[in-house]
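So the chains spell out like this:
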Number of protein chains: 2
Amino acid sequence: MIKTSMSLLLVLVAVSLTFGKYTPKTGKRIPQTLSRGWGDQLIWSQTYEEALYWARSRNKPLMVLFHLEDCPHSLALKKVFAEDNELQKLLDEDFIVLNLMYETTDKHLSPDGQYVPRIIFVDPSMTVRADVTGRYANRMYAYEPNDIKLLISNVKKAKKLLKSEL
Amino acid sequence: MIKTSMSLLLVLVAVSLTFGKYTPKTGKRIPQTLSRGWGDQLIWSQTYEEALYWARSRNKPLMVLFHLEDCPHSLALKKVFAEDNELQKLLDEDFIVLNLMYETTDKHLSPDGQYVPRIIFVDPSMTVRADVTGRYANRMYAYEPNDIKLLISNVKKAKKLLKSEL
């Protein structure tokens, strides 16, 4: 009997929590995440301003990742990127991370044009690491899923700060 | 027997989905949402650049909401804001919405200073609606939880575009 009452109570609580809340005409939506699938366990900055603030104040390099949700190259890279534990650990422990679907006004973030996927590292001294590049001469900051090892080695390169505070 | 096998299969699938995924030393985190609790059913822009793009292309006004997660005034407003169905419906159907915890470089978004919570409306013609104000002379774009009706009336005011396309 107590068990039944408890179940009933739980149902009532559940109903009261959802009842009367705003629901769009097109149906209930799943809240968007800041990770957008690139690593749910990473702490993503929301904006470039925020990311720069954290990079400066924590003296950590910043990784800016430009992508689009309807771009097959972005999606293919995302799958490998999110599942690579070495990469995720490096980024989580030593980097400030930001993924963007819209360009910023800072032209330094597009040294050879605006395309996706594109990964740019920024040193905490606010210097864009234009020297940390992938393997494509015409899109120097692009990575394919097969380039994940190169990306990890680039992350390690960017981890060595230009001006270390000793 | 079939039932048992199915349960076992489900358990195995569940285990394989979580097994081996990167987990931070401090324990598993809940992915951050773009809504940050201000309305999980709204489609939030991530950045100011993105929000301006949508405002222009959809000819909808933009609401920019500055807040901080450790500010009691922001938290008090958030509770009322998220639970007000009239407000949520208006914003969902007629506005582009953006909530920010870090200031942008656009000084027009802080007509009388940088404080939180602060709500600024931007017309799709890219004009900041400095005329849409709350009730506090020293912080003209601040709202308290008791001001929710005034906020709704301001949302309706901002909904009337400065230059309507006919």
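Scope of this entry: the structure provided in the associated data block. Model, not experiment: these values are computed from the prediction.

Here we take up the overall build of chain A. Counting secondary structure elements, chain A contains 5 helices and 3 strands. Across chain A, helices and strands are ordered from the amino to the carboxyl terminus as α-α-β-α-α-β-β-α. Relative to its full complement of 166 residues, chain A shows a buried share of 43%. In the form shown here, chain A has an accessible surface area of approximately 9300 Å², with 60% of it arising from carbon and sulfur atoms.

What follows deals with the environment of Phe95(B). Residues and elements named next belong to chain B. Checked against the element boundaries, Phe95 lands in the loop between α4 (85-94) and β3 (96-100). In sequence terms Phe95 and His67 are 28 residues apart; their C-alpha atoms lie 18 Å from each other. Setting aside anything within four residues of it in sequence, one finds Phe95 in contact with Lys60, Pro61, Leu62, Met63, Leu90, Phe121, Val155, Ala158 and Lys159.

Met63(A), Phe81(A), Met63(B) and Phe81(B) are the most contacted members of the largest nonpolar core, which totals 44 residues. With residues up to four places along the chain from it excluded, the contact list for Phe81(B) reads Trp38(B), Trp44(B), Met63(B), Leu65(B), Leu87(B), Gln88(B), Leu91(B), Ile119(B), Ile148(B) and Leu151(B). Counting 19 residues, the second largest nonpolar core, distinct from the first, contains Tyr48(B), Ala55(B), Leu62(B) and Ile120(B).

Once that is clear, we can look at the pattern of salt bridges. The tally for this structure, following the rule as stated, stands at 20 salt bridges over all chains. Here Arg29(B) makes a salt bridge to Asp92(A), at a shortest N to O gap of 3.1 Å. Separated into two different chains, Arg29(B) in the loop between α1 (2-18) and β1 (44-45) and Asp92(A) in helix α4 (residues 85-94) make up a pair that spans both. You can call Asp92(A) buried: its relative accessible area is 14%. The closest approach of N and O atoms between Lys89(B) and Glu93(B), which form a salt bridge, is 3.2 Å. A residue pair is termed a helical-turn pair when its members lie 3 or 4 positions apart in one helix, as Lys89(B) and Glu93(B) do in helix α4 at 4 residues. By relative accessible area, Glu93(B) is classed as partly exposed at 26%.

All names here are of chain B. The geometry of helix α3 (residues 72-83) relative to α4 is characterised by a closest axis approach of 5 Å and an angle of 75 degrees between their N-to-C directions. Relative to α4, α3 is oriented roughly perpendicular. For the pair α3 and α4, the contacting residues are Phe81, Ala82 and Glu83 in the first and Asn85, Leu87, Gln88 and Leu91 in the second. Residues that form the contact of α3 with α4 fall into these classes: 4 nonpolar, 2 polar and 1 charged.

Attention shifts here to the interface of chain B and chain A. Quite often, the size of an interface is put as the accessible area lost when its parts meet. Counting from both sides, the interface comprises 38 residues of chain B and, opposite them, 37 residues of chain A. Between chain B and chain A the total buried area reaches about 3400 Å² when both faces are included, carbon and sulfur atoms providing 48% of it. Our count for the chain B to chain A interface comes out at 4 salt bridges. Of the charged contacts, one joins Lys25(A) and Glu93(B) as a salt bridge, the two residues approaching to 3.9 Å between their closest N and O atoms. Across the contact surface, chain B and chain A share 21 residue pairs in polar contact (both at pLDDT 80 or more). For the side of chain B that touches chain A, the secondary structure elements donating two or more residues are β1, α2 (48-58), α4 and β3 of chain B. Among the elements that take part in the side of chain B that touches chain A, α4(B) stands out by supplying 5 residues, more than any other.

A few words now on α2(B). Residue and element names in this part refer to chain B. Every buried residue belonging to α2 is among Tyr48, Glu50, Ala51, Leu52 and Ala55, and all of these are buried. Looking at the buried side of α2, the elements it contacts are β1, β2 (62-66), β3 and β4 (118-122). Phi for Asn59, located one or two positions after α2, is positive at around 50 degrees.

On to the packing of α4(B) against helix α5 (residues 148-159) of chain B, then. All names here are of chain B. Between α4 and α5, whose axes approach to 10 Å, the crossing angle comes to 20 degrees. One way to sum up the angle between α4 and α5 is to call them roughly parallel. Handedness of the crossing formed by α4 with α5: left-handed. Here α4 contributes Glu86, Leu87, Leu90, Leu91 and Asp94 to the contact with α5, which in turn contributes Ile148, Lys149, Leu151, Ile152, Val155, Lys156 and Lys159. Along the lines of polarity and charge, the residues of the contact of α4 with α5 split into 7 nonpolar, no polar and 5 charged.

Once that is clear, we can look at the relation of the copies chain B and chain A. Superposition record for chain B on chain A: RMSD 0.0 Å, screw rotation 180 degrees, translation along axis 0.0 Å. Classification of the inter-copy transformation places it as that of a two-fold axis. Taking the C-alpha atom as reference, chain B places Thr33(B) closest to the rotation axis, 2.1 Å from it. Mapped onto chain A, 97% of the interface residues of chain B again fall at the interface, so both copies present the same surface.

Quick look at the pairing of strand β1 (residues 62-66) of chain A now. Within a regular strand, the side chains alternate between the two sheet faces. Residue and element names in this part refer to chain A. For β1, a buried count of 5 out of 5 residues is recorded, marking the element as mostly surrounded by other parts of the structure. The alternating pattern of β1 places Leu62, Val64 and Phe66 on one face and Met63 and Leu65 on the opposite face, and all of these are buried. Two elements, β1 and strand β2 (residues 96-100), share 5 bridges in a ladder whose sense is parallel. By the bridge assignment for β2, Leu62 is matched with Ile96. The pairing of β1 with strand β3 (residues 118-122) spans 5 bridges and is antiparallel.

About the criteria used
- All residue numbers here refer to positions counted from 1 along the written sequence of the relevant chain.
- In the order they appear in the text, chains get letters beginning with A and ligands get numbers beginning with 1.
- Given that this is a predicted model, residues contribute local features only at a pLDDT of at least 70 and side-chain atom pairs are listed and counted only at 80 or more, while totals for whole chains, interfaces and linings are drawn from all residues.
- Values reported for side chains reflect all heavy atoms of the structure, with hydrogen atoms and water molecules removed beforehand.
- Each helix is a run of DSSP H or I of at least 4 residues and each strand a run of E of at least 2, with the numbering of both proceeding from the N terminus.
- The buried label applies to any residue whose accessible area, calculated with a 1.4 Å probe on protein chains only, is under 20% of its type's maximum; exposed applies above 50%, and partly exposed to all values in between.
- Where accessible areas are quoted, they stem from the Shrake-Rupley method and a 1.4 Å probe; at the residue level, only the protein chains shown are allowed to cover.
- Whether two residues are in contact is decided by their heavy atoms, any of which lying within 4.5 Å being enough.
- Throughout this description, the term nonpolar core refers to a set of buried Ala, Val, Leu, Ile, Met, Phe, Trp, Tyr and Cys residues connected via side-chain atoms within 4.5 Å.
- By salt bridge we mean one thing: a side-chain nitrogen of Lys or Arg within 4 Å of a carboxyl oxygen of Asp or Glu.
- For every element, the axis is a line fit to its C-alpha atoms; helices are fit only across the contacting stretch, and the angle between N-to-C directions ranges from 0 to 180 degrees.
- Should an angle lie under 35 degrees it is considered roughly parallel, over 145 roughly antiparallel, and from 65 to 115 roughly perpendicular; all remaining angles are considered oblique.
- Side-chain classes follow a simple rule in which Ala, Val, Leu, Ile, Met, Phe, Trp, Tyr, Cys and Pro form the nonpolar group, Asp, Glu, Lys and Arg form the charged group, and the remainder, Gly included, forms the polar group.
- Defined here as a combined quantity, buried area equals the accessible surface (1.4 Å probe) lost by two parts on assembly, summed across both.
- Two N or O atoms count as a polar contact when they lie within 3.5 Å, although within protein this holds only if one can serve as hydrogen donor and the other as acceptor, and sequence-adjacent residues are included solely when both atoms are side-chain atoms.
- Here a crossing is called left-handed whenever its near helix is offset anticlockwise from the far helix by less than a right angle, and right-handed whenever the offset is clockwise.
- Least-squares superposition aligns the copies on the C-alpha atoms of those residues with pLDDT at or above 70 in both.
- Note: two strands are recorded as paired if DSSP finds a minimum of 2 bridges between them.

That's the geometry; what it means functionally is another story.
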